[in-house]
Amino acid sequence: MRNDVLVLLDHTLKINEKQAAIKAILDSTKEIRSYHDLKACQSGGLHFVEVHLEFSPEILLKDAHAVAGLYRVANQKPAK
């Protein structure tokens, strides 16, 4: 498929350096017990990541949301 067409279509990102970097971040986060169903796709110039995170039963829900929220904010590009 031509590169100019790929810009217009959503497509799955293959296991590559980006997914390896995502896994390294998840593996190094002490609050995350495990994760599964890691999916990454590209839509235009944006990359989207979806993952199911598993936390210890002792963690408060608000703290689990805070951990997940840190990744959402940390991986957004600054507004222009």
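None of these values were measured; they are calculated from a predicted model.

With reference to specific residues and values, describe the overall build of the protein.
Looking only at helices and strands, the protein has three helices and three strands in total. The order of helices and strands in the protein, counted from the N terminus, is α-β-α-β-β-α. Looking at the protein alone, contacts between residues at least 24 apart form 39% of all its contacts between residues at least 6 apart. As displayed, the protein has an accessible area near 6600 Å², and 59% of this comes from carbon and sulfur atoms.

Lay out the pairing of strand β3 (residues 46-55) in plain terms, naming residues and giving numbers.
Across a regular strand the side chains alternate sides, sitting on one face of the sheet and then on the other. Where strand β2 (residues 32-43) meets β3, nine bridges bridge the pair, whose relative direction is antiparallel. Each residue of the ladder has a partner; that of Ser-43, found in β3, is Leu-46. Here β2 folds back onto β3 in antiparallel fashion, the turn holding two residues, of which Gly-44 has a positive phi close to 65 degrees.

Account for unusual backbone geometry, with residues named and values stated.
Positive phi, close to 55 degrees, is recorded for Asp-37, a residue that is not glycine. Within the secondary structure, Asp-37 is located in strand β2. By relative accessible area, Asp-37 is classed as partly exposed at 41%.

Which residues make up the pattern of salt bridges, and what values go with them?
Evaluation of the coordinates by the stated rule reveals one salt bridge. Among the ionic pairs, Asp-63 bridges to Lys-62, the shortest N-O distance being 3.6 Å. Here Asp-63 falls in the partly exposed class, since its relative accessible area comes to 32%. The exposure class assigned to Lys-62 is exposed, which follows from its relative accessible area of 60%.

Go over the nonpolar core with me, naming the residues and quoting the values.
Core analysis: the largest hydrophobic core is formed by five residues, namely Leu-26, Ile-32, Phe-55, Ala-64 and Val-67. Excluding its chain neighbours within four sequence positions, the residues that come into contact with Val-67 are Thr-29, Glu-31, Ile-32 and Phe-55.

Describe the environment of Ile-59, naming the residues involved and giving the relevant values.
Note that Ile-59 resides in the loop between β3 and α3 (61-74). The sequence separation of Ile-59 and Ile-32 amounts to 27 residues, and the corresponding C-alpha distance is 9.9 Å. Among residues more than four places away in sequence, those in contact with Ile-59 are Glu-31 and Ala-64.

Rules of the game
- Residues numbered from 1 in each chain as written.
- Predicted model: local features only at pLDDT ≥ 70, side-chain atom pairs only at ≥ 80, totals over all residues.
- Heavy atoms only, no water.
- Helix = DSSP H or I, 4+ residues; strand = E, 2+ residues; numbered from the N terminus.
- Contact = heavy atoms within 4.5 Å.
- Areas by Shrake-Rupley, 256 points an atom, 1.4 Å probe, with all protein chains shown as cover.
- Pairing = 2+ DSSP bridges.
- Buried < 20%, exposed > 50% of the residue type's maximum accessible area, 1.4 Å probe, protein only.
- Salt bridge = Lys/Arg side-chain N within 4 Å of Asp/Glu carboxyl O.
- Core = buried A, V, L, I, M, F, W, Y, C linked by side-chain atoms within 4.5 Å.

Function-wise, these values are silent; they only describe arrangement.
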